[in-house]
Amino acid sequence: MVSTKWGGFAARAALLVSSRLSGRADQATSVANALSAVKTLQVWYSEQTGLWETTGWWNSANCLTVLADWALADRAGASSVNVPKIMATTFSNAQTSGGLLTTTKSLSDEGMPTSHYNFHRDDLFHNNSNSKRSDLEARGFSGFINEFYDDEGWWALAWIRSWDVTKQPEYLDMAERIFADMKNGTDGTCGGGIWWSKEKRYKNAIANELYLSVSASLANRIPTKKAYYLAIAQEQWTWFQKSGMINSQNLINDGLTFSPDGITCVNNNLQTWSYNQGVILGGLVELARATGDRSLLDKAILIAQAALSKLTDEKGIIHEIDRCEPNCGDDGAQFKGVFVRNLRYLARSLDSRRPGRDTYGFEKVIDVNAESIWMNDRNERGELGVTWAGPVEGGPETGGGRGPTAGSHSSAMDVLVADIVGGGW
């Protein structure tokens, strides 16, 4: 009897030791893969502009955000790459890139955005001090402010996460300044919320989710102004729930349109893009942290589960909702990483890193996608594409053409960073 009991304990102990050793090996692999991906991302980085080449303005904000998340998860790796210096360079140079930028965006019939950045060289205006130059400067990107409130929200979150890494006060101050400009884009049309752009023609999900996430994040980081930012975040969430953008399947469509009466607004039934299911998760996590209201996490769980039911294939690999891979465009290539990044924030808030606590399977999804990206969606230069199930675009299997970009790579990096166990959690 004793020997049998001992044998059972011994077997379980051996299994536990084996599991721990395997876990450590998996963690070491995840850390090494993420570090390798960071080094590849930085090949696209331009110190002169403080931005990442081959992708857009808002995408560069997401490149910075994934670097910040990685730095929080792997302090040693971040030190070897000098992430604080990258942040400081972007903070300084991205606002003064040697020219003047203006932004236009268009929507496909399904609601896929395409961003266009128009560059005006300074030397075209150096002999002209009239109002044309002043107007362009007013619409430029100084202070990380441009014509679109969603772009501003991405940069605000990037500087908040950069502050989390460095505690440099100018980063949090910048996030506050950006948010102040975003607040100017809110009004009573559709009952509340923020417009997509300063033209005030469309109220969409992503701009409003970013507005929630930024305000709740600031509430958690500036104690002296917590009441101010928390009130805004709570008002925003109350409106968002009632806006109609969350459909009966707990998925979030792209935005709102005016109903026939021309006064009230209704869900426009455009695509439920992955990033619309993602940013809201991070916003609710921050709001739950600020209020102590765990029911907000319950709502986030419902949205995450609904999203995964639509985005994952039979192997658990995440695809964009319209299965656009490998031709999702520069904007669409960023979407899935945003979703997984915020899924990671939710998983952390549920304390699912503890053994046996991955109740909702979120960690498993992250792990499966990280492995698939590394094995199937990486080319010989270590660049990561948009098709996480593979093959990587630009190779012979996809008929050649354009390969991965800083946007697709940083999006896939969000998964690799989320797969790192322990650090920053």
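Notes on the structure in this doc start here. (Residues numbered from 1 in each chain as written. Predicted model: local features only at pLDDT ≥ 70, side-chain atom pairs only at ≥ 80, totals over all residues. Heavy atoms only, no water.)

Looking at the state of the cysteines
A complete count under the given rule lists two disulfides for this structure. Covalently, Cys-190 is tied to Cys-265 through a disulfide, its sulfur atoms 2.0 Å apart. Because the torsion about its S-S bond is -70°, the bridge between Cys-190 and Cys-265 counts as left-handed. Residue Cys-190 is located in the loop between helix 7 (169–183) and helix 8 (205–221), and its partner Cys-265 is located in strand 6 (residues 265–267); the two are separated by 75 residues in the primary sequence. You can call Cys-190 buried: its relative accessible area is 18%. The disulfide that involves Cys-324 links it to Cys-328, with 2.0 Å between the sulfurs. In this structure, the disulfide formed by Cys-324 and Cys-328 twists by about 100° around the S-S bond and is classed as right-handed. With respect to burial, Cys-324 and Cys-328 carry one shared label: buried. Counting only the cysteines that take part in disulfides, in the order they occur along the protein, gives the pairing 1-2, 3-4. (Disulfide = S-S within 2.5 Å. Helix = DSSP H or I, 4+ residues; strand = E, 2+ residues; numbered from the N terminus. Buried < 20%, exposed > 50% of the residue type's maximum accessible area, 1.4 Å probe, protein only.)

Quick notes on the packing of aromatic side chains
The full count for this structure, using the stated rule, is 23 aromatic pairs. Relative to Trp-159, the ring of Trp-155 has its centre 6.1 Å away and its plane inclined at 25°; by these criteria the two rings are stacked. Of this pair, Trp-155 and Trp-159 both sit in helix 6 (residues 149–166), four residues apart, which is roughly one turn of the helix. For Trp-155, a relative accessible area of 0% puts it in the buried group. Classification of Trp-159 by relative accessible area gives buried; the value is 0%. Ring geometry for Tyr-275 against Phe-335: centres 3.8 Å apart, planes inclined by 15°, an arrangement best described as stacked. Remark: Phe-335 occurs in helix 13 (residues 335–349) and Tyr-275 occurs in helix 10 (residues 274–291); sequence separation between them is 60 residues. For the pair Tyr-275 and Phe-335, a shared accessibility class is recorded, and that class is buried. Linked through ring pairs, Trp-57, Phe-91, Phe-144, Trp-155, Trp-159 and Tyr-171 together constitute an aromatic cluster. Above the ring of Trp-374, the side-chain terminus of Arg-378 is found at 3.9 Å from the ring centroid. (Phe/Tyr/Trp six-rings, centres within 6.5 Å; stacked < 30°, edge-to-face > 60°. Lys NZ or Arg CZ within 6 Å of the ring centre and 35° of its normal.)

Some remarks on the pattern of salt bridges
The full count for this structure, using the stated rule, is 17 salt bridges. One salt bridge in this structure joins Arg-221 and Asp-164, with 2.9 Å as the shortest N-O distance. Of this pair, Arg-221 sits in helix 8 while Asp-164 is found in helix 6, placing the two residues 57 residues apart along the sequence. Under the relative-accessibility criterion, Asp-164 is labelled buried at 10%. A salt bridge links Glu-286 to Arg-289, with the shortest nitrogen-to-oxygen separation between them at 3.8 Å. Residue Glu-286 and its partner Arg-289 are both found in helix 10; the two are separated by three residues, about one turn of the helix. Here Arg-289 falls in the exposed class, since its relative accessible area comes to 52%. Among the charged side chains, a salt-bridge network with shared partners connects Asp-69, Arg-161, Asp-164, Arg-221, Glu-286 and Arg-289. (Salt bridge = Lys/Arg side-chain N within 4 Å of Asp/Glu carboxyl O.)

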